[in-house]
Amino acid sequence: MNELFNEIPESKPNRLRAARIACEKAQEHYDSLRDARENYDAQTNEKKWEIGESAHKLQDAEEELKQAELEAKNDR
């Protein structure tokens, strides 16, 4: 943040204008980071959901395999 203010001139009108521009740039940067974080969180939550769904499908498939193995043993 300090680097934004290093370029602020000493004269009051120019300093005020430069400070406003620096504030706008800082706000844009903050908004960009916030948006990136929201996108990251959404993607992370989606992946967590997919992992959970996959875990349930794996568990169902393992149970089905156990049932099939038991039935195969009983048929012998």
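This section reports on the structure supplied with the text. In this text the structure is predicted, and so the values were computed from the model without any measurement.

### Quick notes on the overall build of the protein
Link 1 in the chain: The helix and strand inventory of the protein stands at two helices and zero strands.
Link 2 in the chain: Looking at the protein as a whole, 5% of its 76 residues qualify as buried.
Link 3 in the chain: Counting only carbon and sulfur atoms, one obtains 51% of the accessible surface of the protein, whose full area is about 7,300 Å².

### What about the pattern of salt bridges?
Link 1 in the chain: As enumerated under the stated definition, the model contains five salt bridges in all.
Link 2 in the chain: Close ionic contact of Arg37 with Asp41 constitutes a salt bridge, the shortest N to O distance being 3.0 Å. Note that Arg37 and Asp41 are positioned in helix α2 (residues 12-74) at a spacing of four residues, about one turn of the helix.
Link 3 in the chain: By relative accessible area, which is 31% here, Asp41 ends up partly exposed.
Link 4 in the chain: Salt bridges here are not isolated pairs; linked through shared partners, they connect Asp31, Arg34, Asp35 and Glu38.

Conventions and cut-offs
- Residues numbered from 1 in each chain as written.
- Predicted model: local features only at pLDDT ≥ 70, side-chain atom pairs only at ≥ 80, totals over all residues.
- Heavy atoms only, no water.
- Helix = DSSP H or I, 4+ residues; strand = E, 2+ residues; numbered from the N terminus.
- Buried < 20%, exposed > 50% of the residue type's maximum accessible area, 1.4 Å probe, protein only.
- Areas by Shrake-Rupley, 256 points an atom, 1.4 Å probe, with all protein chains shown as cover.
- Salt bridge = Lys/Arg side-chain N within 4 Å of Asp/Glu carboxyl O.

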